[in-house]
Each structure stands twice: as C-alpha cells, then as structure tokens.
Amino acid sequence: MSILKRLMSTMSLLQPPKAVRGMEKLEKDAFRVAVDLPVIEIEARDTGIVTRRVRLEPYLIGHKLKPLKNTIDSEKEGKKYLVFHPDKVQEDETKQKIVEMMKRELGDEKTLKWETLSKDLTFENWDTKSIFKAVLPEGIEYSSYTQTGHIIHCNFADEVLPFRHLIAEVLLNKVSNCKTVVQKGNIITNVYRNLDLELLAGEENYVTEIKETGLRFKMDFSKVYWNSRLSHEHERVSGLFNNQSIVYDACCGIGPFVLPATLKKKPRRVMANDLNPESVKWLKVNVGLNKIKEDRIEIHNMDAKLFIKEKIAADVIRLMKEESTSEESTKPESQIHVVMNLPAYAVNFLPAFRGVLRGFESEEISRKWKWNVYCYLFAKSHVDVPDDWYEGEARRMCDEKTKWETSLVVKCHNVRTVSSRKEMFCAQLELPYEFLLAEPLPEEPEAPLESEESVEPSCKKMKTI
Ligand SMILES: C[S@@+](CC[C@H](N)C(=O)[O-])C[C@H]1O[C@@H](n2cnc3c(N)ncnc32)[C@H](O)[C@@H]1O
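Everything numeric in this text was worked out from a predicted model, so none of it was measured.

Draft legend 1. Geometry of the pairing of strand S16 (residues 370–380). By the criterion of burial, S16 is predominantly enclosed, with nine of the eleven residues buried. Across six bridges, the pairing between strand S15 (residues 335–340) and S16 is parallel. Residue pairing for S16: isoleucine 336 is matched across the bridge by tryptophan 371. Note: S16 against strand S18 (residues 422–431), ten bridges, orientation antiparallel. In the strand pairing of S18, lysine 380 is matched with lysine 422.

Draft legend 2. Molecular detail of the pairing of strand S5 (residues 144–148). The buried count for S5 comes to four of five residues, which makes it a mostly enclosed element. Sheet topology note: the S5/strand S6 (residues 151–154) ladder contains four bridges and is antiparallel. Counted as the bridge partner of tyrosine 145 is cysteine 154 from S6. Between S5 and S6, which follow one another and run antiparallel, lie two residues, and glycine 149 among them has a positive phi close to 60 degrees.

Draft legend 3. View of the sheet that holds strand S17 (residues 409–419). Overall, mixed pairing links the seven strands, which are arranged S14-S13-S12-S15-S16-S18-S17 in an open sheet. With partners counted over all chains shown, the strands left at the sheet margins are strand S14 (298–300) and S17, one partner each. Direction aside, neighbouring strands of the sheet carry axes that sit 15 degrees apart on average. Contacts from helix H10 (residues 389–402) reach S16, S17 and S18, with the element oriented near 120 degrees to S16.

Draft legend 4. Structural detail: the domain arrangement of the protein chain. Domain assignment breaks the protein chain into domain 1 (35–121), domain 2 (128–205) and domain 3 (227–456). Inter-centroid distance (C-alpha atoms) of domain 2 to domain 3 is 34 Å.

Draft legend 5. Representation of helix H3 (residues 92–106) in the model. Counted at 1.5 Å a residue, the expected span for H3 with its 15 residues is 21 Å, and the 21 Å between its end C-alpha atoms agrees. Of the positions making up H3, those classed as buried are Thr94, Ile98, Val99, Met101, Met102 and Leu106. End-on, the buried residues of H3 take up no more than an arc of 160 degrees, which puts them together on one face. Exposed side chains of H3 directed beyond 90 degrees from the buried face belong to Asp92, Glu93 and Arg104. In the core, the buried residues of H3 are packed alongside strand S1 (33–43), helix H2 (47–53), strand S3 (79–83) and strand S4 (114–121). Following H3 by one or two positions, glycine 107 adopts a phi angle in the positive range, close to 105 degrees.

The rules behind each value
- Residues numbered from 1 in each chain as written.
- Predicted model: local features only at pLDDT ≥ 70, side-chain atom pairs only at ≥ 80, totals over all residues.
- Heavy atoms only, no water.
- Buried < 20%, exposed > 50% of the residue type's maximum accessible area, 1.4 Å probe, protein only.
- Helix = DSSP H or I, 4+ residues; strand = E, 2+ residues; numbered from the N terminus.
- Pairing = 2+ DSSP bridges.
- Axes fitted to C-alpha atoms, helices over the stretch in contact; angles between N-to-C directions.
- Contact = heavy atoms within 4.5 Å.
- Domains from an automatic or database assignment.
- Expected span 1.5 Å × (residues − 1).
- Arc of directions from axis to C-beta.

Okay, structure coming up:
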C-alpha cells in the first residue's frame with residue numbers, strides 16, 4: 001500500500017474541521033462541519049427486525065457521535081433512515097453485502113437503496129478524544145484526567161499547558177456531573193498530602209461527595225487527601241478485620257479504612273487519627289453521613305508517632321485489663337491492626353512501636369493478641385531494575401527502621417505503580433512482644449517528607465478518554 005493510501009485509511013471522514021487546530025479558547029461554533037452520511041431508508045415498522053436480526057453494528061454510525069443515532073426519522077411519514085459510518089461502507093462490495101443481508105430478513109421484494117443524507121455535525125456530536133486530537137498540535141496528546149464527585153482534576157505535560165483552559169472548558173461541557181475543573185500540581189509535597197489546586201473552569205466549589213464501596217465520603221477536595229485509585233486497597237485492608245479486631249488508623253484521612261471497617265466488620269474497637277484538622281472534621285461528617293454512632297470511633301488529631309506511643313499503647317492495655325476481668329472467656333481471639341497510609345513517610349513511624357509497652361506493668365500485658373502493622377511506602381529506583389527488586393527494597397526499608405534481629409515483615413502487597421521506577425507497597429509487619437517491650441531506640445532526627453508524584457503512568461490511568 002502506498003504511504004498516502006495507508007494514511008488515508010487511518011484518517012476518518014468524520015472529523016472536526018481542520019480550522020480548530022491550535023485553538024486556545026473554546027469556540028463551539030468552529031466545530032460545525034457539514035458531512036454526507038450514507039443511509040438506507042426502511043419502513044419504520046421494519047426497524048426492530050433489522051436491528052435485531054441483521055448484523056449491521058460493524059457498519060452503522062454507532063454511539064460516538066451522540067446525539068446522532070443509528071436510526072433516525074426520515075422526512076417521509078412511516079419511514080426511518082439507517083445511518084451508516086462513511087469510513088465503514090466505502091467499498092461498493094460492502095454496500096452490496098449489506099443490502100443482501102437486509103433482504104434476507106426483510107424479503108427480496110423490498111426496495112433498499114443507498115442514499116446520501118447531508119447533516120451538520122457540531123460541538124455536541126464530537127467526543128472529547130476527537131476534539132482534543134483536532135485541537136492540539138499534531139503529535140501532542142491529552143488523554144487522562146481523574147474525577148472526584150463534581151470535580152475533575154487534570155495533569156498536563158508542558159507542551160499541553162497552553163491548551164489547559166480549552167481542555168478544561170471541553171471537559172466541563174462534555175463530562176456528565178462535572179461542575180469544576182482544576183489543575184493539580186504534579187508533586188504532592190505538603191504535609192497533609194492534599195493538592196494545590198488551580199481553578200481552570202467552572203465553579204470554585206471544592207466540597208464534593210463520592211461513594212466508595214457503598215459508603216458516602218464528603219470532603220473539601222482542596223484541603224484533604226483523596227485518591228479513588230486506592231479504593232481496592234481500602235476494601236482489601238478493611239476486609240481483613242472481623243468483629244473481634246482492634247483497629248487503629250494512624251493517618252486516617254477522611255475515613256476510607258475505618259468507616260467501611262466499622263460498618264461492615266463491626267470491630268470491637270476503632271480509633272482513628274490524622275494530623276490534618278480538616279481530615280478530622282470531614283471524618284466526623286462522614287461518620288454521621290454513614291449513620292455510624294459517634295461513640296463507635298474514637299477520633300484524634302495529632303502526629304502519628306505520638307498517637308502510637310500515647311493513645312494506642314494505653315488503649316491496648318485498657319482493653320487487655322478489661323478482658324482479664326471479663327467473664328466471657330470463650331470469645332475468639334482479638335488481633336490488633338494498625339494502619340499507616342502515609343507512604344512518603346510512614347516507615348519513620350515504625351521505631352515508635354519499639355518499646356511502646358515498656359511503661360506498663362508486666363501483669364497488665366496479656367501477650368495473646370497479635371500485633372499487625374500495615375505500613376505503606378514507596379519503593380523507588382534511579383535506574384532500571386527487575387520487577388522483584390521493588391519488594392526487596394520495601395522489606396529493606398522496614399527492616400532498616402525496626403532494627404530487629406529478624407525481619408518483622410510478613411507480607412508485602414503491591415498497591416500500585418505510582419510512576420516509572422516507583423511502586424507503592426503495603427508492608428505488613430507482625431510485631432512480637434519482645435519488640436514491643438524492648439529498649440526504645442534513640443530518637444532519630446526528623447526525616448524529610450518525600451514527594452509523591454501525582455502523574456500516573458499510562459497503564460494505571462484512572463479515566464482514559
Ligand atoms: C496519603 S493520605 C491517606 C489518607 C487515608 N488513609 C486514605 O487512604 O485516603 C495520608 C494522611 O496522613 C496525614 N498525615 C500526614 N502527616 C501525618 C502525621 N505526621 N501524623 C498523622 N497523620 C499525618 C495526612 O493529613 C493525610 O490525611
């Protein structure tokens with residue numbers, strides 16, 4: 001095939017006008033183009049037979065140019081047009097075959113003729129992918145965004161930046177339920193892990209609500225952390241608990257671990273903590289929205305290290321004492337679960353567990369309950385490495401912090417690929433009582449807070465247009 005022919009075969013006959021290329025401000029009228037559509041007129045009463053029995057889907061116009069449909073009214077009473085995609089019925093042979101297929105069901109006596117219907121396709125008809133392809137300079141693509149409630153947040157490569165307002169206007173017009181489009185900084189560096197937002201289009205309203213595994217989560221998206229990519233992880237970890245679990249979330253955000261855990265698993269004890277007062281505020285709102293009794297979750301607003309040393313330790317001892325005086329001894333064994341989803345920093349909280357029970361009387365400490373810690377972290381490499389290197393690195397990072405004679409990591413779950421050469425893991429540690437009662441390590445200087453690239457690799461895009 002000649003280069004020209006090959007090029008022609010990949011170019012659609014239905015495209016927005018060439019004049020829109022390079023547009024930086026949305027002008028909807030510029031997307032209007034007159035097109036000739038191949039159609040066959042049929043009796044309206046035959047529509048059911050044709051659409052059910054004749055395999056025309058590969059040839060019809062399809063749903064991409066909504067509101068244009070496969071069948072539309074003809075100007076004549078009692079007649080309809082079947083609308084075909086001009087790219088798909090270019091050959092006479094194909095047209096002939098379609099007529100034969102239809103006659104087989106409708107009868108040979110039917111007159112079925114190919115006609116041309118002139119129509120205007122407008123901004124309404126083009127999907128976002130076609131619009132971006134037509135507008136952006138050749139070779140430059142824009143294909144992904146994430147949506148949290150009514151808010152769409154975009155990341156842009158440098159070459160797409162001049163077109164960001166146009167892209168935002170298009171998304172605002174095209175994506176259902178979208179009222180606000182924001183750009184987020186590529187790197188999340190602030191302590192509360194929320195995003196610095198720049199409004200690109202729509203209302204400046206960042207209070208939104210979403211559903212995750214059937215629960216309601218309301219938040220001010222500009223002030224708290226939320227990432228819908230973690231929904232499976234929230235479900236996975238909260239699914240590990242049962243009605244005897246003792247659950248502590250040291251960096252709980254607005255509650256995606258503790259709320260489903262409380263509602264679905266009914267643990268015997270739940271305590272949640274976050275350093276960001278806004279997270280705590282919205283967590284409390286979400287407790288109410290999901291009809292959870294306020295006293296089911298004890299909520300704190302402090303640094304996770306302090307939470308571990310002061311709140312968790314005292315709470316466990318209190319529960320141990322309570323159990324030792326209780327008459328109910330046939331209950332299944334409890335387990336302690338501490339979740340720490342602050343992957344850029346949480347390994348630095350691990351030393352806080354060493355010796356955490358030392359201040360308590362030995363008779364207060366029943367050693368029956370297993371301590372599980374779910375420590376999130378990023379394993380990164382500066383060079384290409386084999387896939388299994390990342391898990392080894394995740395384990396090494398934990399071992400370096402626990403400084404125990406054996407590794408306390410019992411499992412490493414790969415959560416997601418954050419960017420090239422950066423994997424997010426949930427390292428699960430089992431802490432022995434010898435560790436919980438050991439001499440604490442000298443305080444290390446405060447580790448710097450790492451950044452978290454918010455640009456996703458193409459394989460993990462949340463919503464690809
Ligand atoms: C990556 S977010 C995860 C939030 C939530 N667990 C989730 O899965 O959506 C980390 C959370 O840790 C909180 N945080 C940051 N530094 C903290 C600290 N030193 N102690 C406790 N929480 C902290 C942030 O405010 C943020 O809500």
